[in-house]
Amino acid sequence: MAGLVVPDPRYQRSFLAAVEEVCGAHEDERYAGLTVIGQIGDFPGESFTAEELKDADTFSAYTRRLRTLADHSAWLPDGIVPATYLWWVDGEEYLGRLSIRHSLTPWLRDFGGHIGYVVRPSARGRGHAQAMLAASLPVAHDLGIDLALLTCDDTNPASRRVIEAAGGVFEDQREDKLRYWIRTGPAQR
Ligand SMILES: CC(C)(COP(=O)(O)OP(=O)(O)OC[C@H]1O[C@@H](n2cnc3c(N)ncnc32)[C@H](O)[C@@H]1OP(=O)(O)O)[C@@H](O)C(=O)NCCC(=O)NCCS
């Protein structure tokens, strides 16, 4: 059964296979997950290449770096807020990932939202995004987010369906982004 885990070196093989799928499908390169922090203001961005991540030590450093992004005492460029990065895995198989931004900047409030997610191409259409988003809501709740903002492009029906299935309440559209609010809650025991 699939579940959320913190990024861990044990998924190196599977993670790199997922990167190849995204690249092979010529999808938006951000879906590959190689960017740790995108370019913003004077900050040039921070990312790894798939080639670099084939090295076990570098992959380990990459997973460590992703985990530090949740740390409120660590330096982040202006405009980037702490975020929790989680991977959706089944056994040893990496299936997808999500990030939960701990707070909203003006840009996140208009366009980015609290939670972003990607499922690797070969695992799509099997309910993983819906399950992963549902599993992330108690995590967001523990981070103090009672109402999570989720956004998707108006040209992304699969993501829209995922958000609506999670109980997303539509607020409005800003440029090409549809904006929804989802009430989080503690994990059901
Ligand atoms: C969006 C994404 C995360 C969905 O992942 P997934 O695991 O395939 O999603 P699920 O299987 O949980 O659910 C997809 C839902 O969308 C529906 N769907 C898929 N394609 C659709 C389409 N073209 N039109 C309408 N609905 C569609 C599916 O039928 C399913 O709904 P259902 O369960 O009611 O049948 C995945 O396509 C992805 O990673 N895309 C690239 C990154 C991305 O767009 N991320 C979201 C940014 S906001």
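Right above here is the structure, for reference.
Predicted model only: the values in this text are computed from it and were never measured.

## Thoughts on helix α3 (residues 56–68)
Then, number 1: Look at α3: 19 Å from first C-alpha to last across 13 residues, which is about the 18 Å you get at 1.5 Å a residue.
Then, number 2: Those residues of α3 lying buried are Phe-59, Tyr-62 and Leu-66. Around the axis of α3, the buried residues are gathered within 55 degrees of arc, so they sit on the same side. Turned more than 90 degrees away from the buried face of α3 sit Asp-57 and Arg-64, all of them exposed.
Then, number 3: The inward-facing, buried residues of α3 contact α1 (12–24), β2 (35–37), α2 (50–53) and β4 (83–90).

## Regarding the pairing of strand β6 (residues 115–119)
Then, number 1: Along β6, four of the five residues are buried, which leaves the element largely enclosed by surrounding structure.
Then, number 2: One ladder, built from five bridges, connects strand β5 (residues 93–101) with β6; its direction is antiparallel. The partner of Leu-98 across the bridge, within β6, is Tyr-117.

## What to know about the sheet that holds strand β9 (residues 177–183)
Then, number 1: With antiparallel pairing, the three strands of this open sheet are ordered in space as β7-β9-β8. On the outer flanks of this sheet lie β7 (147–153) and β8 (169–174), each paired with one strand and no other. Geometrically, the sheet is characterised by an average inter-axis angle of 25 degrees between neighbouring strands, direction not taken into account.
Then, number 2: Note that β7 and β9 share seven bridges and pair antiparallel. Directly across from Asp-153, in β9, lies its bridge partner Lys-177.
Then, number 3: With respect to the sheet, helix α6 (residues 157–165) is in contact with β7 and β9, its orientation differing from that of β7 by roughly 160 degrees.

## Regarding the site of the ligand
Then, number 1: The environment of the ligand is formed by 20 residues, the closest being Arg-124, Ala-129, Pro-157, Ala-158 and Arg-161.
Then, number 2: Elements supplying a minimum of two residues to the shell around the ligand: β6, α5 (128–142) and α6.
Then, number 3: Here the shell around the ligand takes six residues from α6, the largest share from any one element.
Then, number 4: Looking at the shell around the ligand residue by residue, the class counts come to ten nonpolar, seven polar and three charged.

Procedures and definitions
- Residues numbered from 1 in each chain as written.
- Predicted model: local features only at pLDDT ≥ 70, side-chain atom pairs only at ≥ 80, totals over all residues.
- Helix = DSSP H or I, 4+ residues; strand = E, 2+ residues; numbered from the N terminus.
- Expected span 1.5 Å × (residues − 1).
- Buried ≥ 20, exposed ≤ 12 C-beta atoms within 10 Å, placed from the backbone.
- Arc of directions from axis to C-beta.
- Contact = placed C-beta atoms within 7 Å.
- Pairing = 2+ DSSP bridges.
- Axes fitted to C-alpha atoms, helices over the stretch in contact; angles between N-to-C directions.
- Near = placed C-beta within 6 Å.
- Nonpolar A, V, L, I, M, F, W, Y, C, P; charged D, E, K, R; others polar.

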